[in-house]
Amino acid sequence: MLDLWYKNAVIYCLDIETYMDGNGDGIGDFVGLTQRLDYLTGLGITCVWLMPFYPSPNKDNGYDVMDYYSVDPRLGSLGDFVEFSRRAEERGIRIIVDLVVNHTSDQHPWFQEAVRDRESKYWDYYLWSEQKPEDIQEGGVMFPGLQDTTWTYYEKAGAYYAHRFYDHQADLNITNPEVRAEIQRIMGFWLALGVSGFRIDAAPHLIELRQADNLFERVEDPYIYIDEMRDFLSWRRGDAILLAEANETPDELSKYFDHGDRMQMLFNFWGNQYFFLALARQEAAPLVQAFQDLPPVPSIGQWANFVRNHDELTLDKLSDDEQDEIAAAFAPDRDTMWIFDRGIRRRFAPMVNGDLQLLKMTYSLLLSLPGTPVLNYGEELGIGDDLSLEERKPARTPMQWSPGKNGGFSTAAPEDLILPVVSEGQFNYKEVNVACLRREPGSLLTWMEQAIRLRKECPELGWGQWQILDTKHPSVFAHRCQWQGNVVIAIHNFSPDPCTATLTLKDDLDHCLVDLFKNQPEETVSAPTHEFQLEGYDYRWFRVTNSVI
Ligand code: TEU
Ligand code: CA
C-alpha cells in the first residue's frame, strides 16, 4: 500500500518574516507562526512550505543563504524551529522547507574562504574564470533589469565567478563531489529535524552540471544528479518528497519525474501560464491544451498547482501577443505592474478587482485540478498588493489578521515593519483580514475552508486518472477524475456570462450526480450527454453515485 500523503495534501506557502510577529519588533518569527498553527489547522492546511528562514544578508528575501544549518536570528532560533515543528506535527501538519543550493550568498563562509585563499578547498565549490567569459547562454541572466551579467569580477579573488541570479548569489559547482556531499548533509540535517521534504529552488540551474574548467558544457546527463538527491532523501526518510521549482517546457518536465525515481512533485508553471491566458480570453481552450501537453506523471509523481507564488507571475512561455492579452485584462500598466519583461508583480485578487465570484471560481479550479493545490499565504483572504514597493515586493506584504494596528501582524510602529501592511484602497487591512472575514458567511475565507474540506473528501482529484471533457461551450472547462471506482466531475465557467454546457457523460450513464458544494442531488444522467446550466464564473463539483440518494 502506498502512503503518498502529498497526493491529497493542501500546501500553504508562507514567509515567516511576513506572517506573524511574536515579539513586536516588526518582523515575523517562528514564535508568531507557532501561534497561528490553529488557524492553519482550521483552514484545513495539511502541509506548510516555509520559504528560506536561514541566516542571510537578505538581499533576495532569504534566497541568499549564509548558513544552511541555522535559523536567521531575526526570526528565532533552532529551538523555536523545533517547537514549531513539534506543534505542527501534533496537528497533523507537515513541513517542507526551501532548499536553496544552486547558489550561496557571497557572504557564506565557503565563498569568503574561497576568495581569501585560492588554495583552500572552497575555491572549487564555486565556478571561476580568469577572463570574463561570454554570458551564460540558455536563459542568460535571470533578473533582466536588475542583473547585467552572469559573471562578476571579485576583487579579492582576482577572478570572475558565475551567477545565474543576483551578483551576490555565487553559483555552487555541483560537479565537485564535496559540494554534493555538503548538499546531502544539509538535507540530512533538516530531515533529522522532522521536515517532510524540500522545495528545490531553481532546479534547472542547480542541475546544470558544469566542468571544473568552467566551459559550461554538460559533462553527463544533468538529470542524473536528481537521482542522487532522491536516493539520499529516500534512504533517510521514506515518505519525504522533493518538490521542484522548474519552469520548463513539457518535454523537459518529464525528465524531472523520469520513471518516478526523481522528483515526486513539480510546480505546474506550464498550466499556470495558460490558465491566465484562458482567464484573459474567457475561454477554456488554452488550459485544455496546456493539460493535454503536459507529460504523463508516473504513479508516485504529482503536479503542484498554484495561482500565484511569491515571485512575479511569469509568462515567459507565452508569446508576446498572448502576454499582451493578459496585460490588457489583468495588468494594463506595464510600468508599475510588470517586471523582468516577462511577468506581473501583482497578487491575484487585485488583478481581478476583488471579483468574489471569479476568485471562488479560480480557487475552486485550483483545488480540483489534477494534482495538489499550493496556496500562497493571504490568498485565502483575497489579499491585495502594494505597487509602490520595489521589484517583487508588492506581492510580499504582511499577512492581514485583524482590523487592529498593522492588521494584527505586529505591535511595532508601522515604520518599523519589515514591509508595510496594505492599508489603502479596496484591499486595506481594516476590511480584508482574518478576524472579519471568518465571521462573514459568504466571504472568500469562509468559502475557502469549506472548499478545502471538500477537496480533502475527494481523493479522486489528487489520486485519480483524469480526463478533460468536451463541454460544447468555449468558456467551460470540465474534467473527470476516477479513482478506485469513484468518480468526481468538476465544471468551471471562465466567463462572466451564464451559459449552458453539454457534457458527454457516457461512462456515467444512469448514475446520479450529487452537487458537492450544495450537497444536493442534481439529476440522473439519463442520456449520453447531459446539460448543465451555469452562472457567470460558476464552479460545480459532482460526485457520481450508483443510485439516486
Ligand atoms: O526563483 C528562481 C527562478 O528561476 C524564478 O525567479 C524564475 O525566474 C521565475 O519564477 C519564473 O521562471 C527562485 C525563487 O523563487 C526566487 O524568489 C529567488 O529570487 C530565486 O530563486 C533565486 O534564489
Ligand atoms: Ca519578531
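Residues numbered from 1 in each chain as written. Chains lettered and ligands numbered in written order. Predicted model: local features only at pLDDT ≥ 70, side-chain atom pairs only at ≥ 80, totals over all residues. Heavy atoms only, no water.

K.L.:
Describe the overall build of the chain, listing the residues and the values that go with them.
P.N.:
Within the chain, the regular secondary structure consists of 17 helices and 24 strands. Taken over the C-alpha trace, the chain has a radius of gyration of 24 Å; the compact-globule value for 549 residues is 24 Å, and the two agree within 12%. Viewed in the frame of its principal axes, the chain has a C-alpha envelope of about 80 × 55 × 45 Å. Counting contacts in the chain only where the partners sit at least 6 residues apart, residues at least 24 apart contribute 68% of the total. (Helix = DSSP H or I, 4+ residues; strand = E, 2+ residues; numbered from the N terminus. Rg over C-alpha atoms; globule rule 2.2 N^0.38 Å. Contact = heavy atoms within 4.5 Å.)

K.L.:
Go over the coordination of the calcium ion (ligand 2) with me, naming the residues and quoting the values.
P.N.:
The protein atoms that coordinate the calcium ion (ligand 2) are Asp21 (OD), Asn23 (OD1), Asp25 (OD), Ile27 (O) and Asp29 (OD), at distances of 2.2 to 2.4 Å. In terms of primary sequence, the donors binding the calcium ion (ligand 2) are separated according to D-x1-N-x1-D-x1-I-x1-D. (Donors = N, O, S within 2.8 Å, 3.2 Å for Na, K, Ca; no water.)

K.L.:
For the pattern of salt bridges, give the residues involved together with the corresponding values.
P.N.:
A side chain of one charge can pair with a side chain of the opposite charge when the charged atoms of the two come close. One pass over the structure, following the stated rule, counts 34 salt bridges. In this structure, the salt-bridge partner of arginine 74 is aspartate 72, at a minimum N-O distance of 3.3 Å. For arginine 74, a relative accessible area of 27% translates into the label partly exposed. The salt bridge partner of aspartate 311 is arginine 392, with a shortest N-O separation of 2.9 Å. Residue aspartate 311 is located in the loop between β12 (302–306) and β13 (313–314), and its partner arginine 392 is located in the loop between β16 (372–376) and α15 (434–437); the two are separated by 81 residues in the primary sequence. The pair aspartate 311 / arginine 392 is uniform in exposure class, with both members buried. Each member of the salt-bridge network shares a partner with another, and the members are Asp38, Arg86, Glu90 and Arg91. (Salt bridge = Lys/Arg side-chain N within 4 Å of Asp/Glu carboxyl O. Buried < 20%, exposed > 50% of the residue type's maximum accessible area, 1.4 Å probe, protein only.)

K.L.:
Talk me through the sheet that holds strand β15 (residues 343–344); I want residue IDs and the actual numbers.
P.N.:
Taken in spatial order, the three strands of this open sheet run β13-β15-β14, and their pairing is antiparallel. Pairing within the sheet leaves two strands with one partner each, and these edge strands are β13 and β14 (338–339). Where β14 and β15 come together, two bridges link them in antiparallel fashion. Along β15, the bridge assignment pairs isoleucine 339 with glycine 343. (Pairing = 2+ DSSP bridges.)

K.L.:
Can you tell me about the pairing of strand β10 (residues 241–244), naming the residues and giving the values?
P.N.:
Neither face of β10 is open: one carries Ile241 and Leu243, the other Leu242 and Ala244, and all of them are buried. For strand β9 (residues 197–200) and β10, the ladder comprises four bridges, and the chain directions are parallel. Each bridged residue has a counterpart across the sheet, and for glycine 197 the counterpart in β10 is isoleucine 241. Of the strand pairs in this sheet, β10 and strand β11 (residues 265–267) are connected by two bridges, and their pairing is parallel. By the bridge assignment for β11, alanine 244 is matched with leucine 266. In terms of handedness, the path from β10 via helix α8 (residues 250–257) over to β11 forms a crossover that is right-handed. (Right-handed = clockwise from strand over helix to strand, strands pointing away.)

K.L.:
So what about unusual backbone geometry? Which residues, and what values?
P.N.:
Phi at asparagine 58 takes a positive value of approximately 65 degrees, unusual for a residue other than glycine. For glutamine 484, which is not glycine, the phi torsion reads 50 degrees and is therefore positive. For glutamine 484, the position within the fold is in the loop between β18 (476–483) and β19 (486–493). With a relative accessible area of 64%, glutamine 484 lands in the exposed category.

K.L.:
I'd like to hear about the packing of aromatic side chains, residue by residue, with values.
P.N.:
As enumerated under the stated definition, the model contains 49 aromatic pairs in all. Taken together, a centroid distance of 6.0 Å and an interplanar angle of 80 degrees make the contact between tyrosine 12 and tyrosine 19 edge-to-face. Using a relative accessible area of 0% as the deciding quantity, one classes tyrosine 19 as buried. Considering the side-chain rings of tyrosine 39 and tryptophan 401, the 5.0 Å spacing of their centres and the 80 degrees angle between planes classify their relative orientation as edge-to-face. Here tyrosine 39, found in helix α2 (residues 37–43), pairs with tryptophan 401, found in the loop between β16 and α15; they are 362 residues apart in sequence, far enough to count as distant. Tryptophan 401 shares its class with tyrosine 39; the two are buried. One aromatic cluster in this structure is built from Phe30, Phe53, Tyr54, Tyr69, Phe81, Phe84, Phe189 and Trp190. The cationic tip of arginine 36 hangs over the ring face of tryptophan 401; the distance from NZ or CZ to the ring centre is 4.4 Å. (Phe/Tyr/Trp six-rings, centres within 6.5 Å; stacked < 30°, edge-to-face > 60°. Lys NZ or Arg CZ within 6 Å of the ring centre and 35° of its normal.)

K.L.:
Tell me what's going on with the site of ligand 1, and back it up with residues and numbers.
P.N.:
Looking at ligand 1, there are 17 residues lining it, with Asp60, Asp201, Asn247, His310 and Asp311 nearest. Between ligand 1 and aspartate 201, the relevant distance is 2.9 Å, taken from an oxygen atom to a side-chain nitrogen or oxygen of the residue. Grouping the amino acids of the shell around ligand 1 by side-chain chemistry returns four nonpolar, four polar and nine charged. Taken domain by domain, the shell around ligand 1 gets at least three of its residues from each of domain 1 (5–97 + 177–318 + 344–455) and domain 2 (109–171). (Near = heavy atom within 4 Å. Polar contact = N/O pair within 3.5 Å; in protein donor to acceptor, adjacent residues only side chain to side chain. Nonpolar A, V, L, I, M, F, W, Y, C, P; charged D, E, K, R; others polar. Domains from an automatic or database assignment.)

K.L.:
For the domain arrangement of the chain, give the residues involved together with the corresponding values.
P.N.:
By the assigned domains, the chain splits into domain 1 (5–97 + 177–318 + 344–455), domain 2 (109–171) and domain 3 (465–546). Distance between the C-alpha centres of domain 2 and domain 3: 54 Å.

K.L.:
An account of helix α4 (residues 109–116) is needed here, citing residue identities and associated values.
P.N.:
Of all the positions in α4, only Trp110, Phe111, Ala114 and Val115 are classed as buried. Projection of α4 onto a plane perpendicular to its axis shows the buried side chains occupying an angular sector of 125 degrees, all on one side. Looking at the buried residues of α4, the elements they touch are β4 (103–105), β5 (128–129), β6 (151–154), β7 (159–162), β8 (169–171) and α5 (177–192). (Arc of directions from axis to C-beta.)

K.L.:
So what's going on with the packing of α5 against helix α7 (residues 224–236)? Residues and values would help.
P.N.:
One way to put it is that α5 packs onto α7 with a least axis distance of 10 Å and a crossing angle of 30 degrees. At the point where α5 passes α7, the crossing takes the right-handed sense. Together, Arg180, Ile183, Gln184, Met187, Gly188 and Leu191 of α5 and Tyr225, Glu228, Met229, Phe232, Leu233 and Arg236 of α7 make up the contact between the two elements. Residues belonging to the contact of α5 with α7 are distributed by class as follows: seven nonpolar, two polar and three charged. (Axes fitted to C-alpha atoms, helices over the stretch in contact; angles between N-to-C directions. Left-handed = near helix turned anticlockwise from the far one by under 90°.)

K.L.:
Go over the environment of aspartate 117 with me, naming the residues and quoting the values.
P.N.:
If you trace the backbone, aspartate 117 turns up in the loop between α4 and β5. By relative accessible area, which is 27% here, aspartate 117 ends up partly exposed. A polar atom in the side chain of aspartate 117 sits 2.8 Å from the backbone nitrogen of glutamate 119.

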